[in-house]
Amino acid sequence: MYDEPQYFTLKIGVCFCRCDVRVNDIPLFTYDVSGSRIDVELPLNQHVFTGENMLSFRLLPAQASDQAPSYGLDNGHVECSVELLRRPYGRETGERTVLASMVYRGGVDPFAASSLEGPGVSPLQTAFEAREHAMAARTVQLVTDFPEWRWVRAPAIEPSPVVIRELLTEHQRFWTALRNKDVAELRSLMAAGAREMQSAYYLRDLDDAHRVIGVEALLRNPEASLKPMPTDLKLEVFANGRMARLVDATGDSPIYFHEADSGLDAYLGAWFCRGATGAWMMIR
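Residues numbered from 1 in each chain as written. Predicted model: local features only at pLDDT ≥ 70, side-chain atom pairs only at ≥ 80, totals over all residues. Heavy atoms only, no water.

Colleague: Requested: an account of the pattern of salt bridges, with residues and values cited.
Modeller: Considering all chains together, one arrives at 17 salt bridges under this definition. A salt bridge links D20 to R22; the nearest nitrogen and oxygen atoms lie 3.1 Å apart. The network of salt bridges with shared partners includes R37, D39, E79 and R105. (Salt bridge = Lys/Arg side-chain N within 4 Å of Asp/Glu carboxyl O.)

Written as structure tokens, this is what we have:
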């Protein structure tokens, strides 16, 4: 165990492809970057645990358009870089340590820039077909201060029409509480996730956790308006079958606010697992 609380992040840089980056089979970065580049660093504490953690990505070739050329995955412009980082919580980013990396760059040896196998870091598993896909995965052994997250041992979810109907009911409960600005109901629905967020980021209390989650701030924003839920939704099961969500035709959450001051939409993820009794629990 470390002397100080630890902060884990995932640093991602990707360009000229479509990508799905995951940690423990949780989709963290799923974007079409056919005609541009995105660099981002994502907080990871709530998605990792003590033990063996899986990093993975899947790339598809860029989609050609007037703004984006048609690049196969063997083109030298294509890149996806994923680094698992750790630093003491609250410290400057310059103090972070790279624990493992997976790097793809189009060319003769596309995975050559990835970090080597080492203590606690498995060999890199890869697959590559220039006109179809590229995939990479490896495990990293971590030591954390966190409790075991509820979803890690949650019952497996079997996709079915019944699951879709039940999750639609749960999403509608969440949407209705947002429409009614019913903070007590929202806190009840998000209780399990808020407790885990408090543990993940060393927060003093649940009020701090809800401030980090940010839902109540949206309710207080006079420029933010809750939009109707779409009706054409599909089920996604992930986290090795332990979590599920509903998404719209573009892969986004069906629950979102439009912020008139910025012109942006704020999507609220609603990820569910089953509790010990089989009831649905909003865990993220």
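Colleague: Please provide a residue-by-residue account of the sheet that holds strand β12 (residues 264-267), values included.
Modeller: Across a sheet, strands are paired by hydrogen bonds formed along the backbone, either parallel or antiparallel in direction. Across the sheet, three strands lie side by side as β8-β11-β12; this open sheet has antiparallel pairing. Looking along the sheet, the strands with just one partner apiece sit at the ends: β8 (224-226) and β12. Direction aside, the axes of adjacent strands within the sheet are offset by 30 degrees on average. As paired strands, β8 and strand β11 (residues 256-259) are joined by three bridges and run antiparallel to one another. Counterpart to S225 in the pairing with β11 is H258. (Pairing = 2+ DSSP bridges. Helix = DSSP H or I, 4+ residues; strand = E, 2+ residues; numbered from the N terminus. Axes fitted to C-alpha atoms, helices over the stretch in contact; angles between N-to-C directions.)

Colleague: Could you give an account of the nonpolar core, naming the residues involved and the relevant values?
Modeller: Counting residues in each nonpolar core, the largest one holds 54 residues, and the members touching the most others are L10, V21, F57, L59, W151 and M243. Ranked by residue count, the leading element in this core is strand β1 (residues 6-23), at nine residues. L167, F174, L233 and L246 belong to the second-largest nonpolar core, a separate cluster that totals 27 residues. (Core = buried A, V, L, I, M, F, W, Y, C linked by side-chain atoms within 4.5 Å. Buried < 20%, exposed > 50% of the residue type's maximum accessible area, 1.4 Å probe, protein only.)

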